[in-house]
Amino acid sequence: TRHSWSLYGQATWHATSRFRITGGLRYTHDSNTTSICDYACAAPVDVAKSNTAWTGKIGAEYDVAARTMAYASWSTGFKPGGGNISATPLVLGYTYDPETIKAWELGLKTTQAGGKLRLNLAGFYYFYDNLQFEGEDAIAYQGGVANIPALHVYGIEAEMNAVLPAGFRFDGNLTVEGSKMTGHYKL
């Protein structure tokens with residue numbers, strides 16, 4: 001059983017006709033209970049997890065030309081923890097922790113040729129704490145969610161959309177991504 005609620009708001013300040021700053025804030029409360037039992041369900045194990053988090057965003061946009069915008073943003077995010085349903089795990093445990101992220105992004109967006117050509121370029125760097133992943137336990141059929149304590153993910157993305165003659169359209173995406181585990185998985 002999971003109960004979750006949040007309050008959030010976002011506002012944009014137009015500092016000039018070409019420069020904007022956006023800020024947002026969110027409060028989240030999440031609570032869940034999991035009743036874990038094997039096939040006979042003779043002795044269920046009840047676990048509960050309650051998580052709260054403040055997350056937010058700040059971003060800036062600048063119109064470098066009539067149809068070209070550069071932007072930068074920093075944001076945080078949250079995914080609540082919870083309970084696994086494996087009755088007799090050896091390694092994973094009955095619960096997993098909440099996941100948080102701090103995300104940096106820089107980019108450029110442009111629309112040309114009367115709206116028929118769109119190009120987006122972005123670079124990103126994400127810092128994860130307690131990244132949730134689907135894990136396998138040492139005992140068969142006892143998998144569940146576990147956490148990687150610290151992970152960095154970084155890369156660049158390019159996206160192009162073009163409206164071509166005769167009703168054709170071209171969509172292309174390219175992503176180059178890397179990652180580094182900066183905290184070791186703990187049992």
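Attention here is on the structure that accompanies the text.

As for the overall build of the protein
1) Next: Secondary structure assignment for the protein yields zero helices and 10 strands.
2) Next: Walking the protein from its N terminus toward its C terminus, one meets helices and strands in the order β-β-β-β-β-β-β-β-β-β.
3) Next: Relative to its length of 187 residues, the protein is extended, with a C-alpha radius of gyration of 22 Å against a globular reference of 16 Å.
4) Next: Dimensions of the protein, computed from C-alpha atoms along their principal axes, come out at roughly 70 × 40 × 35 Å.
5) Next: A separation of at least 24 residues holds for 57% of the contacts in the protein among residues at least 6 apart in sequence.
6) Next: Accessible area of the protein: about 12000 Å², with a carbon and sulfur share of 60%.
7) Next: In the protein, 15 positive and 16 negative side-chain charges are present, and the distance between their average locations comes to 13 Å.

Digging into the pairing of strand β1 (residues 2–14)
1) Next: Of all 13 residues making up β1, only zero are buried, and the element is barely covered by its neighbours.
2) Next: As paired elements, β1 and strand β2 (residues 19–36) share 13 bridges and run antiparallel to each other. From the neighbouring strand, W5 faces β2, where its bridge partner is H29.
3) Next: Between β1 and the antiparallel strand that follows it, β2, lie four residues.

Side note on the side chain of S86
1) Next: With respect to the helices and strands, the residue S86 is situated in the loop between β5 (82–83) and β6 (95–96).
2) Next: From its side chain, S86 meets the backbone oxygen of Q142 in a polar contact 3.1 Å long.
3) Next: A distance of 2.6 Å separates a polar side-chain atom of S86 from the backbone oxygen of G143.
4) Next: Ignoring any residue separated from it by four or fewer positions in sequence, one finds S86 in contact with I36, Y94, Y141, Q142 and G143.

Digging into the pairing of β2
1) Next: Note that β2 and strand β3 (residues 45–65) share 18 bridges and pair antiparallel. Across the sheet, the residue bridging to T34 is V47, located in β3.

Focus on the sheet that holds strand β10 (residues 169–183)
1) Next: The eight strands lie next to each other as β1-β2-β3-β4-β7-β8-β9-β10, forming an open sheet whose pairing is antiparallel. Where the open sheet ends on each side, the last strands, each with one partner, are β1 and β10. The mean inter-strand angle of the sheet, taken between neighbouring strand axes irrespective of direction, is 15 degrees.
2) Next: Strand direction decides the pairing type here: β3 and strand β4 (residues 68–79), joined by eight bridges, are antiparallel. Across the sheet, residue Y62 finds its bridge partner in β4, namely A70.

Remarks on the nonpolar core
1) Next: Grouped together as the largest cluster of nonpolar side chains are eight residues: I101, A103, F124, Y128, L131, I148, L151 and V153.
2) Next: For this core, the secondary-structure elements that each account for two or more residues are β7 (99–112), β8 (117–135) and β9 (144–163).
3) Next: Setting aside its immediate chain neighbours within four residues, L131 contacts E99, A146, N147, I148 and L151.

Some words on the pattern of salt bridges
1) Next: Applying the stated criterion across every chain, the model contains seven salt bridges.
2) Next: Two residues, R20 and D63, come together in a salt bridge whose shortest N-O distance is 3.0 Å. Pair noted here: R20 is in strand β2 and D63 is in strand β3, with a separation of 43 residues, a long-range link.
3) Next: Residues joined in a network through salt bridges with shared partners are R20, E61 and D63.

Definitions and cut-offs
Residues numbered from 1 in each chain as written. Predicted model: local features only at pLDDT ≥ 70, side-chain atom pairs only at ≥ 80, totals over all residues. Heavy atoms only, no water. Helix = DSSP H or I, 4+ residues; strand = E, 2+ residues; numbered from the N terminus. Rg over C-alpha atoms; globule rule 2.2 N^0.38 Å. Contact = heavy atoms within 4.5 Å. Areas by Shrake-Rupley, 256 points an atom, 1.4 Å probe, with all protein chains shown as cover. Lys, Arg positive; Asp, Glu negative; His and termini not counted. Charge placed at Lys NZ, Arg CZ, Asp CG, Glu CD. Buried < 20%, exposed > 50% of the residue type's maximum accessible area, 1.4 Å probe, protein only. Pairing = 2+ DSSP bridges. Polar contact = N/O pair within 3.5 Å; in protein donor to acceptor, adjacent residues only side chain to side chain. Axes fitted to C-alpha atoms, helices over the stretch in contact; angles between N-to-C directions. Core = buried A, V, L, I, M, F, W, Y, C linked by side-chain atoms within 4.5 Å. Salt bridge = Lys/Arg side-chain N within 4 Å of Asp/Glu carboxyl O.

All quantities given are derived from atomic positions and should not be read as evidence of function.
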